[in-house]
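# Coordinate inspection notes
Here is what each chain is made of, one letter per residue.
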Amino acid sequence: MNSHLTEKWNKCLEIIRDNVSEANYATWFADIKPIRYEDSVLTIQVKSNYVCEHLDENYVGLLRSTLYKVMGNGTKLMYSILTDKDNNLSVEVSTDNYSSSNGTHNGNSGNSAPATAQAAIQELDSMLIHRYTFDNFVEGVSNRLSRAVGVSVANSPGRVFNPLFIYGSSGVGKTHLINAIGAKIKELHPELRVLYVSAHLFQVQYTDSILQKRFNDFMKFYQSIDVLIIDDIQEFAGLQKTQTAFFHIFNHLHLNGKQLIMTSDRTPAQLQGMEERLITRFKWGMTAEIESPDFELRKNILKSIIRKDGLKFPEEVIDYIAEHTNASIRDLEGTVVSIMAHSTINNADIDLNLARKILGKAATYEKRTITIDEIVKKVADYYSVEAESINTRSRKREVVLVRQVAMYFSKKYLDMSTSKIGQYIGKRDHATVLHACKAVTNLAETDKQFRHELNEIELSLQSA
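Keep in mind it's a predicted model, so treat the numbers as computed, not measured.

On average, the protein scores 82 in pLDDT, and the residues at 70 or more come to 87%. pLDDT under 50 marks residues 96-122. Its contacts with residues more than four places away, or in other chains, come to 31 contacts.

In structure tokens:
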């Protein structure tokens, strides 16, 4: 350690010690070590993010005046928090309170940004799903509040409802809404770095950063984001180290006025396997629910799906589907695809009789008992793959597809835990099953042919 820097810091400690109680000095300042002093920025190492927050909230004025006196006017402060003692990995956090108290600001004012910043924004792939916008988000009673909150966030990211936590059951439109928010932010605030990422992908990136010893790069990248959108945050459950990394990213972004948006299939209070400190932070902003669509919204969604695919359904058929399907938006789309498939294959008119037949089979299917063996066999037969191959370590595309689709239908229709499904199908863990279901769902949303394949498999299960 630089002896000159140590000497300067010891002088700072002497001043601080004269201005706080001995107990507070021992608790908050005694263990702090100076790391470096470059370009008028002093970096100090603290034991935890909690210490960082406490110093920033309670002693920022004392720190500022002390550093100005010893290090020189305009000295800025940076915290280095040791996040992984085993690998000696740390993350650096600036202090927004310190800078704002000083009246200094980084960067340009207004919406303009330096050329280098503009280039960085252009290089960042936001990973937003571009087909999801506010223009094609069908509004109804069940999602009106969430949509209104989303519009407010898009207009003023980081200033209202931060964080924004949206929850609801699968298929009610959470992913559509958060992508619409991200798209509108990019439209209204092109200078901001917007990133949409699933919780699963975040976890994979974190693990890779540890294995490749690039953890600090991982943290610096996420701390550079202006609007971070995390889908399916419940998948962090039980992943202690991933939660710790996200905790520090959350704190850094929130402290610096950056927008955080998250979705979950349950409320923050119901997130089992999640650290209490994260749950507390999820509640800081706005928690909004998207409920299952009511009859009128189901009708409007059906009309939107039909119009988007260039189809024509009689009004009475639309009414019948909406009245007899209390399902998710995703399942409404599946019903439309199913009716179209039957109509095309059997050269039949799209009418009430066909709608009754399709929905009747679905109802019968829900009541009949089906086994995981049947699901695996039906899926394997459809893709002409040996059912036994799913239990091998094969990474062939067709084998992986069968494995994932079988997991998807098993989770959808069987009263089995994801752990049991994974153990039976390929001897995988519960996280693999969740990832498989997500992958199948995402592909079905973007690939019409794949939706048709899923529909045909489901029809074969119904007729078994």
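Interhelical geometry of helix α1 (residues 3-19) versus helix α4 (residues 60-70) gives an angle of 135° and a closest axis separation of 10 Å. The orientation of α1 relative to α4 falls into the category oblique. Considering how the two elements wind past one another, α1 and α4 form a crossing that is right-handed. Side by side, α1 and α4 meet where Lys8, Trp9, Lys11, Cys12, Ile15, Ile16 and Asn19 of the first sit next to Leu62, Leu63, Thr66, Leu67, Lys69 and Val70 of the second. Split into classes, the residues belonging to the contact of α1 with α4 amount to eight nonpolar, two polar and three charged.

Core analysis: the biggest nonpolar cluster contains 30 residues, and Phe218, Leu228, Ile230, Ile233, Phe246 and Phe282 have the highest contact counts within it. Listed by contribution, the elements that provide at least two residues to this core are β5 (164-167), β6 (194-198), α9 (199-211), α10 (215-223), β7 (227-231), α11 (240-255), β8 (259-264) and α12 (276-282). The residues touching Phe218, leaving out its near neighbours within four places in the chain, are Phe202, Gln205, Tyr206, Ser209, Ala245 and Ile249.

One way to put it is that α9 packs onto α11 with a least axis distance of 10 Å and a crossing angle of 100°. Here α9 lies roughly perpendicular to α11, going by the angle between them. Taking contact as the criterion, the partners of Phe202, Gln203 and Tyr206 in α9 are, on α11, Lys241, Thr242, Ala245, Phe246 and Ile249. Class assignment of the residues belonging to the contact of α9 with α11 gives a composition of five nonpolar, two polar and one charged.

Inspection of every chain in the model, using the stated rule, returns 14 salt bridges. In this structure, the salt-bridge partner of Lys299 is Asp319, at a minimum N-O distance of 3.1 Å. Highlighted residues: Lys299 in helix α13 (residues 295-308) and Asp319 in helix α14 (residues 315-324), separated in sequence by 20 residues. For Lys299, a relative accessible area of 13% puts it in the buried group.

Procedures and definitions
- Residues numbered from 1 in each chain as written.
- Predicted model: local features only at pLDDT ≥ 70, side-chain atom pairs only at ≥ 80, totals over all residues.
- Heavy atoms only, no water.
- pLDDT = per-residue confidence, 0-100.
- Contact = heavy atoms within 4.5 Å.
- Axes fitted to C-alpha atoms, helices over the stretch in contact; angles between N-to-C directions.
- Helix = DSSP H or I, 4+ residues; strand = E, 2+ residues; numbered from the N terminus.
- Parallel < 35°, antiparallel > 145°, perpendicular 65-115°, else oblique.
- Left-handed = near helix turned anticlockwise from the far one by under 90°.
- Nonpolar A, V, L, I, M, F, W, Y, C, P; charged D, E, K, R; others polar.
- Core = buried A, V, L, I, M, F, W, Y, C linked by side-chain atoms within 4.5 Å.
- Buried < 20%, exposed > 50% of the residue type's maximum accessible area, 1.4 Å probe, protein only.
- Salt bridge = Lys/Arg side-chain N within 4 Å of Asp/Glu carboxyl O.

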